[in-house]
Amino acid sequence: MTFDAPAPVSHLDAPSIIRTKRDGGVLSDAAIDWVIDAYTHGRVADAQMSALLMAIFLRGMTNGEIARWTAAMIASGERLDFSDLRRGGKPLALVDKHSTGGVGDKITIPLVPIVMACGGAVPQAAGRGLGHTGGTLDKLEAIPGFTAEIAKSQIRQQLCDLGAAIFAAGELAPADRKIYALRDVTATTESLPLIASSVMSKKIAEGTRALVLDSKVGSGAFLDTEAESRELARTMVELGTEYGVDTRALLTDMHVPLGRTVGNAIEVVESLEVLAGGGPADVVELTLALAREMCDAAGLDEVDPAATLRDGTAMDRFRALVAAQGGDATAALPLGSQTETVNAAQGGTMGDIDAMAVGLAVWRLGAGRSVPGEQVQFGAGIRIHRRPGEPVTAGEPLFTLYTDTSERLVPALRELDGAWSVGPSAPPVRPLIIDRITI
């Protein structure tokens, strides 16, 4: 892989580049450099980039194309550098985490405070919802007053004083910001090259020294098969390593939603339960597994992430982080005023719950976007009352849907139709953590 800085090329044009990829060709370095730069600066229209993204979605990219696309997106903006920062006279233990996207995946919210409490420093350029998956920023901005639009000086100060900052990418990989929004509304999210380059361009540009990736496998993941998720994880690990970032990945299950809540504010509430020492077992298990990986990657020896939940230090760090970014962690969080409950027609045992269907239902309730820049409903979401394998009594609630827009309830209920079952026996138990991938 090569990562030379892009150079402007004047003789290229968008239709020719689209046609090359449409017909299954390989884009040259010059073509990739030109189209990323031209789109970033408005010389390529959204319609043209949409066509190119669909061609990439359908035709794929070589490893060389992915590497160059990533390099061009990094070069479209600035790169942060925190190597000069110190705490107690020592360099900061900089480490971050990124998930490839899941349903009910609120892991970042309890995870970052745990790593803070263990002595790490987390510079997290977080994203918004994409397709059927939720975004960390949409969830945190449900907290009254919280803002992710913070200056570089504040990011640096928080890393030194608190141990974390969660911020919008801003001028980091601005090409990715534009492309990310376009992918969200053009059905081009489920593309290995576009996922890998999007994730790694932001993470390399944000200035972390180590990175732990959560690559999802299952119906709620962006890629269909475990083999594809493995390939995505390896591609991202290789990209990070080439840039000098200690990168490793966990393959984790996303056949069913994580936890018992899916949405924005409703997931924050569940995250607070985890930080208080409770919460769903799967959310706690994955949070602590990723925390251990992050601490190991950051060189934080002899720390116990689980202890920070037991003694309350992780909750303290979360409150301090939210307060530093203008939020009130003790304020009441919004919940949709219009509700609908799905009750069990018969007793038995809860079967599998299709994560993709739940994610789409929550999107239809208003937790996601159908056009770029649309405001999400912070109170939209679904509460899952019975998870797979749990006993069910006839007539009891299985799902409660929340929205502020009553006409959204029927389309959301249609998404859930056929996505779950109640039967005589429990479904097979799948491991939450499937594998660990490093170079």
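The preceding data block contains the structure.
Here's what I pulled together on the structure shown here. (Residues numbered from 1 in each chain as written. Predicted model: local features only at pLDDT ≥ 70, side-chain atom pairs only at ≥ 80, totals over all residues. Heavy atoms only, no water.)

1. As for the pairing of strand β13 (residues 397-403)
Across the seven residues of β13, six count as buried, placing the element largely inside the fold. As judged from the six bridges shared by strand β9 (residues 338-343) and β13, these two strands associate in the antiparallel manner. Across the sheet, the residue bridging to Q338 is T403, located in β13. Sheet topology places strand β11 (residues 381-384) next to β13; four bridges connect them, and they run antiparallel. What sits directly across from I382, in β13, is L401. (Buried < 20%, exposed > 50% of the residue type's maximum accessible area, 1.4 Å probe, protein only. Helix = DSSP H or I, 4+ residues; strand = E, 2+ residues; numbered from the N terminus. Pairing = 2+ DSSP bridges.)

2. Observations concerning the sheet that holds strand β10 (residues 348-350)
Taking strand neighbours across the sheet as the criterion, the three strands line up as β12-β10-β14 in an open arrangement whose pairing is antiparallel. The sheet terminates laterally at β12 (391-392) and β14 (422-423), the two strands that pair on one side only. Here two bridges tie β10 to β14, and the two strands are oriented antiparallel to one another. Counterpart to T349 in the pairing with β14 is G423.

3. A short note on the sheet that holds strand β8 (residues 261-263)
Consider a sheet: its strands pair through backbone hydrogen bonds, and that pairing is either parallel or antiparallel. Strand order in the open sheet formed by four strands is β8-β11-β13-β9, and the pairing between neighbours is antiparallel. Each having just a single partner strand, β8 and β9 make up the two edges of the open sheet. Averaged over neighbouring strand pairs, the angle between their axes works out to 15° when direction is ignored. Helix-sheet contacts for helix α11 (residues 265-275) involve β8, β11 and β13, and the interaxial angle to β8 is about 140°. Lying over the sheet, helix α15 (residues 355-367) contacts β8, β11 and β13, oriented at roughly 140° with respect to β11. (Axes fitted to C-alpha atoms, helices over the stretch in contact; angles between N-to-C directions. Contact = heavy atoms within 4.5 Å.)

Limitation: the analysis is restricted to geometry and does not speak to function.
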